[in-house]
Amino acid sequence: MMKEGVFLQSGATLEEAMPLFEATGSSFIPVVRFGRDDAGPELWGALFQVDSLRALNRALTRMAAEEHS
């Protein structure tokens, strides 16, 4: 996936991640960081779609609770 340019940089937001899941249909996306040299992206981990959906659901639940309090 990284060779195809499909990855997220460390520190990416859910707003950046969710469209990538939609476009790729993948259950995970590599997370990379760029070193100080120009060696390209270094694999740092992976973000799983199920974890992203859980985080999004928690955020939406909090927002709804704040609006109704």
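Provided above is the structure to which this section pertains.
All of these numbers come straight from a predicted model, not from anything done at the bench. (Residues numbered from 1 in each chain as written. Predicted model: local features only at pLDDT ≥ 70, side-chain atom pairs only at ≥ 80, totals over all residues. Heavy atoms only, no water.)

A. Expanded view of the side chain of Ser26. Looking at the secondary structure, you find Ser26 in the loop between α1 (14–24) and β2 (28–34). With relative accessibility at 13%, the residue Ser26 sits in the buried group. Looking at Ser26, its side chain comes within polar contact range of the main-chain oxygen of Phe28, at 2.6 Å. Dropping the residues within four chain positions of it, Ser26 is found in contact with Met1, Phe21 and Gln49. (Helix = DSSP H or I, 4+ residues; strand = E, 2+ residues; numbered from the N terminus. Buried < 20%, exposed > 50% of the residue type's maximum accessible area, 1.4 Å probe, protein only. Polar contact = N/O pair within 3.5 Å; in protein donor to acceptor, adjacent residues only side chain to side chain. Contact = heavy atoms within 4.5 Å.)

B. Here's a closer look at the side chain of Ser52. One can find Ser52 in helix α2 (residues 49–67). In this structure, Ser52 is in contact with Leu14, Met18, Phe21 and Leu47, ignoring residues within four places of it in sequence.

C. Structural detail: the sheet that holds β2. Strand order in the open sheet formed by three strands is β1-β2-β3, with mixed pairing between adjacent strands. Unpaired on one side and paired on the other, β1 (8–9) and β3 (41–48) mark the two borders of the sheet. By the bridge criterion, two bridges tie β1 to β2 in an arrangement that is parallel. If you follow Leu8 over to β2, its bridge partner there is Val31. The sheet contacts of α1 involve β1, β2 and β3, and relative to β2 the element is tilted by about 135°. (Pairing = 2+ DSSP bridges. Axes fitted to C-alpha atoms, helices over the stretch in contact; angles between N-to-C directions.)

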